[in-house]
Amino acid sequence: ARGPRADRAATMGERKVLNKYIPPDFDPSKIPRGTRKGGKRNEMKVRMMLPMSICCNTCGNYISKGTKFNSRKEDALGEDYLGIQIFRFFFRCNRCSAEITMKTDPKNSDYTVESGASRNYEPWRDKATQEEEAEREREEEE
């Protein structure tokens, strides 16, 4: 005897089909690809962690290193360093929603804050530059 579940069993099996019907007049080249809403090329949404602590210029909020953000990543057009592509990240302050932009700096293996915030003082960066200067002076003396 067939019950009400017999009809449902047939439809449940259909959703597991791996091969879909492709009509003979199908042309895959007509499928629009690569166009996103907004029309901007080379832009994608990325979830990233802040690589350094910064201070928002609008509200003065300190945002610490390691804070997660949803950001827009785009290519910095016309900018590269020895063939390495430079990217620009756009994200918002979590207190006042002001936009902050940051750019990769492959020369120093670091990031630079472009606008909307300022980078906080990091004493270990100062120490590294002082050691480099002392090394250069020693080389010049020899």
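As shown above, the structure is provided for reference.
Residues numbered from 1 in each chain as written. Predicted model: local features only at pLDDT ≥ 70, side-chain atom pairs only at ≥ 80, totals over all residues. Heavy atoms only, no water.

**A look at the overall build of the chain**
When its secondary structure is counted, the chain shows two helices and eight strands. Reading the secondary structure of the chain in the N-to-C direction produces α-β-β-β-β-β-β-β-β-α. Considering the chain as a whole, with its 142 residues, one finds that 23% of them fall into the buried category. Contacts in the chain between residues at least 24 apart in sequence constitute 38% of all its contacts with a sequence separation of at least 6. Of the accessible surface of the chain, which amounts to about 11600 Å², a share of 49% is contributed by carbon and sulfur atoms. (Helix = DSSP H or I, 4+ residues; strand = E, 2+ residues; numbered from the N terminus. Buried < 20%, exposed > 50% of the residue type's maximum accessible area, 1.4 Å probe, protein only. Contact = heavy atoms within 4.5 Å. Areas by Shrake-Rupley, 256 points an atom, 1.4 Å probe, with all protein chains shown as cover.)

**Considerations on the pattern of salt bridges**
Enumeration over the complete set of coordinates arrives at nine salt bridges. A salt bridge links E74 to R88, with the shortest nitrogen-to-oxygen separation between them at 4.0 Å. Of this pair, E74 sits in strand β4 (residues 68–81) while R88 sits in strand β5 (residues 84–92); the two residues are 14 residues apart in sequence, bridging distant segments of the chain. Its relative accessible area of 16% is what places E74 among the buried residues. Looking at R88, the relative accessible area reads 15%, which means it is buried. With its nearest N and O atoms 3.5 Å apart, the salt bridge here joins K103 to E114. In this pair, K103 sits in strand β6 (residues 99–105) while E114 sits in strand β7 (residues 110–115), placing the two residues 11 residues apart along the sequence. According to the relative accessible area criterion, K103 is buried, its value standing at 16%. Ionic contacts of the salt-bridge type, sharing partners, join the residues E74, E79, R88, K103 and E114 into one network. (Salt bridge = Lys/Arg side-chain N within 4 Å of Asp/Glu carboxyl O.)

**Quick look at the nonpolar core**
In terms of nonpolar packing, the biggest core is built from 14 residues, with L50, I54, I63, F91, I100 and M102 touching the most fellow members. Elements that contribute at least two residues to this core include exactly β2 (54–56), β5 and β6. Not counting residues within four places of it along the chain, the set of residues in contact with I54 comprises N61, Y62, I63, F91, I100, V113, A117, S118, R119 and N120. (Core = buried A, V, L, I, M, F, W, Y, C linked by side-chain atoms within 4.5 Å.)

**Describing the packing of aromatic side chains**
For the structure on display, the rule yields two aromatic pairs. Ring geometry for F69 versus F91: centroids 4.6 Å apart, planes at 40°, classification tilted. Placement of F69 in strand β4 and of F91 in strand β5 is noted, with a sequence separation of 22 residues between them. By the burial criterion, F69 is buried, and F91 matches it. (Phe/Tyr/Trp six-rings, centres within 6.5 Å; stacked < 30°, edge-to-face > 60°.)

**Structural notes on the sheet that holds β7**
Taken in spatial order, the five strands make up an open sheet running β1-β4-β5-β6-β7, and their pairing is antiparallel. Of all the strands in the sheet, the pair left with one neighbour each is β1 (43–49) and β7. For this sheet the average axis-to-axis angle between neighbouring strands, irrespective of direction, equals 35°. (Pairing = 2+ DSSP bridges. Axes fitted to C-alpha atoms, helices over the stretch in contact; angles between N-to-C directions.)

**Observations regarding the sheet that holds strand β3 (residues 62–63)**
With respect to topology, three strands assemble into an open sheet ordered β3-β2-β8, the strand pairing being antiparallel. If you trace the sheet from one side to the other, it starts and ends with β3 and β8 (117–119), each paired once. In this sheet, β3 lies alongside β2 in antiparallel orientation, the contact comprising two bridges. Bridging from a neighbouring strand, I54 pairs with I63 of β3.

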